[in-house]
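Given next are the chains, with one letter for each unit.
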Amino acid sequence: MFPRYRLVGFCGLPGAAALGRLGTGDPERRAAEAEKVAHSYAAGREPLPALELLATVANSAAGPDGMYRSRTPDATIRRFHRVARDRRGLLLLNIQPGRAGVLDEVKALRDWLVHPDVGIALDPEWEMGRGEVPGDTYGHTDGHELTEVARYLSGLVEAHDLPQKPLVFHQVATSVVSKQSALRPQPGVALIKSADGIGSPGLKRGTWHKLVDDLPDGLHTGFKLFYEEDAEGSRLMTPKEVLALRPQPEYVMYE
């Protein structure tokens, strides 16, 4: 996948505009827009449009099973998979696990993950421990758990003779991912650490430098931007500014 491509796209969920641009308007139009944005980030690489669909969404209410999460219907995933495929792009299934097990949520998406153009994006700030409620505090993961997910995806890649599969984890603060040194790359999986967080260009650069220091070997970098929140009281960073970051992001996602 790298260094041939640069992944660029939108995230979101239909009917939930607050969760990102992908969830607003017609999916086909959003995909066309994402493809156009991806080309502005080419910079010597092949732009690869990526649609990051929220497949597991953290909730403030426990729900019938007490897991503080809901799952996106297969019909919705099927539609966005078709849209991504029409654009020769990727569908990334985003997981906000609530109190559910992260690997359990990944395994629940197995029927989609056996497709060559479907990967995973994890949002560990929404991974809650016992007694924690989404929205009240940041959740967290660690290098061991991320390695478990990567190992599972690696097994699918080998068993089904798939191309390399992306595994993104978004990180909004240093506390969200502990024991990063325990993270172990797995065959057939491209591990991507995406710097999350809202703010002005200066604040976002500061977060970036905090999060990308001492990256483990084999870990690629990503960067997340927010069309509305970043622009409140400031402005959205330009592709040129994002590409000036070092190391240069290989994955760029807009919410």
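Coordinates for the structure precede this section.
Values in this document were obtained by computation on a predicted structure and should not be read as measured data.

Trainee: Looking at this model, I keep getting lost on the pairing of strand β11 (residues 251-254). Mind explaining?
Mentor: Remember that side chains alternate between the two faces of the sheet whenever the strand is regular. Residues of β11 alternate between two faces, with Tyr251 and Met253 on one and Val252 and Tyr254 on the opposite face, all of them buried. One ladder, built from four bridges, connects strand β1 (residues 5-12) with β11; its direction is parallel. Its bridge partner being in β11, Leu7 is matched across the sheet by Tyr251. Of the strand pairs in this sheet, strand β10 (residues 219-225) and β11 are connected by four bridges, and their pairing is parallel. Note on β11: the bridge partner recorded for Phe223 is Val252.

Trainee: So what exactly am I meant to see when it comes to the packing of aromatic side chains here?
Mentor: Think of a pair of aromatic rings as described by two things: how far the centres are apart, and how the planes are tilted against each other in angle. In total, this model carries five aromatic pairs according to the counting rule given. Taken together, a centroid distance of 6.3 Å and an interplanar angle of 85° make the contact between Phe10 and Tyr254 edge-to-face. Of this pair, Phe10 sits in strand β1 while Tyr254 sits in strand β11, placing them 244 residues apart in sequence. Residues Phe10 and Tyr254 agree in their burial class; the two are buried. Their ring planes at 65° and their centres at 6.4 Å tell us that Tyr41 and Tyr254 sit as a pair that is edge-to-face. With a gap of 213 residues between them, Tyr41 in the loop between α1 (27-39) and β2 (46-58) and Tyr254 in strand β11 connect regions that are remote in the sequence. According to the relative accessible area criterion, Tyr254 is buried, its value standing at 3%.

Trainee: What is the right way to read the packing of α1 against helix α2 (residues 74-86) from this model?
Mentor: Helix packing geometry: the angle between the two helix axes and the distance between the axes. Their axes nearest at 10 Å, the elements α1 and α2 cross at an angle of 40°. Put simply, α1 runs oblique to α2. With respect to the hand of their crossing, α1 and α2 are arranged in right-handed fashion. Within the contact between the two elements, α1 uses Pro27, Glu28 and Ala31 and α2 uses Arg79, Phe80 and Val83. Of the residues that constitute the contact of α1 with α2, the class distribution is four nonpolar, no polar and two charged.

Trainee: Explain the nonpolar core to me, please; I cannot follow it from the model alone.
Mentor: Proteins that are soluble and globular tend to have nonpolar side chains buried together. Counting 58 residues, the largest nonpolar core has Val106, Ile120, Leu122 and Leu153 as its most contacted members. Sorting elements by how many residues they give to this core places helix α5 (residues 143-159) first, with six residues. Excluding anything up to four places from it in sequence, Leu122 contacts Ile95, Val102, Val106, Leu146, Val149, Leu167, Val168, Phe169 and His170.

Trainee: Could you clarify how one ought to interpret the pairing of strand β7 (residues 165-171) in this entry?
Mentor: A large share of β7 lies buried, amounting to seven of its seven residues. Alternating positions in β7 separate into two faces, Lys165, Leu167, Phe169 and Gln171 on one and Pro166, Val168 and His170 on the other, with burial throughout. Sheet analysis places strand β5 (residues 118-122) next to β7, joined by three bridges and oriented parallel. Bridging from a neighbouring strand, Leu122 pairs with Phe169 of β7.

Trainee: What am I meant to see in the environment of Asp136 here?
Mentor: By the secondary structure assignment, Asp136 is in the loop between β5 and β6 (141-142). In sequence terms Asp136 and Asp213 are 77 residues apart; their C-alpha atoms lie 28 Å from each other.

Trainee: I would appreciate a short explanation of the pattern of salt bridges in the present structure.
Mentor: Opposite charge on two side chains makes pairing possible when the charged atoms of those side chains draw close. Taken as a whole and judged by the stated rule, the model has 16 salt bridges. Here Glu105 and Arg69 are joined by a salt bridge, their closest N and O atoms 3.1 Å apart. One end of the pair, Glu105, is in helix α3 (residues 102-107); the other, Arg69, is in strand β3 (residues 69-71), with 36 residues separating them in the sequence. Look at Glu105 and you get buried, because its relative accessible area is 1%. As a salt-bridge pair, Asp196 and Lys224 come within 3.9 Å of each other at their nearest N and O atoms. Here Lys224 lies in strand β10 and Asp196 lies in the loop between β9 (189-195) and α6 (201-212), a separation of 28 residues in the sequence. When salt bridges that share partners are traced, they join Asp65, Arg69, Arg71 and Glu105 into one network.

Trainee: I tried to follow the side chain of Arg6 on my own but got confused; where do I start?
Mentor: Locating Arg6 in the fold gives a position in strand β1. The contact partners of Arg6, leaving out residues within four places of it in the chain, are Tyr41, Ala42, Ala43, Arg45, Glu46, Pro47, Leu48, Leu243, Gln248, Pro249 and Glu250.

Trainee: I keep staring at α6 and nothing clicks. Help me out?
Mentor: At 3.6 residues per turn, the α-helix brings residues three or four places apart onto the same side. The end-to-end C-alpha distance of α6 is 16 Å, a good match for the 16 Å that 12 residues give at a rise of 1.5 Å each. Taken together, the buried residues of α6 touch β7, β9 and β10. Two residues or fewer after α6 comes Asp214, characterised by a positive phi angle close to 55°.

What counts and what doesn't
Residues numbered from 1 in each chain as written. Predicted model: local features only at pLDDT ≥ 70, side-chain atom pairs only at ≥ 80, totals over all residues. Heavy atoms only, no water. Buried < 20%, exposed > 50% of the residue type's maximum accessible area, 1.4 Å probe, protein only. Helix = DSSP H or I, 4+ residues; strand = E, 2+ residues; numbered from the N terminus. Pairing = 2+ DSSP bridges. Phe/Tyr/Trp six-rings, centres within 6.5 Å; stacked < 30°, edge-to-face > 60°. Axes fitted to C-alpha atoms, helices over the stretch in contact; angles between N-to-C directions. Parallel < 35°, antiparallel > 145°, perpendicular 65-115°, else oblique. Left-handed = near helix turned anticlockwise from the far one by under 90°. Contact = heavy atoms within 4.5 Å. Nonpolar A, V, L, I, M, F, W, Y, C, P; charged D, E, K, R; others polar. Core = buried A, V, L, I, M, F, W, Y, C linked by side-chain atoms within 4.5 Å. Salt bridge = Lys/Arg side-chain N within 4 Å of Asp/Glu carboxyl O. Expected span 1.5 Å × (residues − 1).

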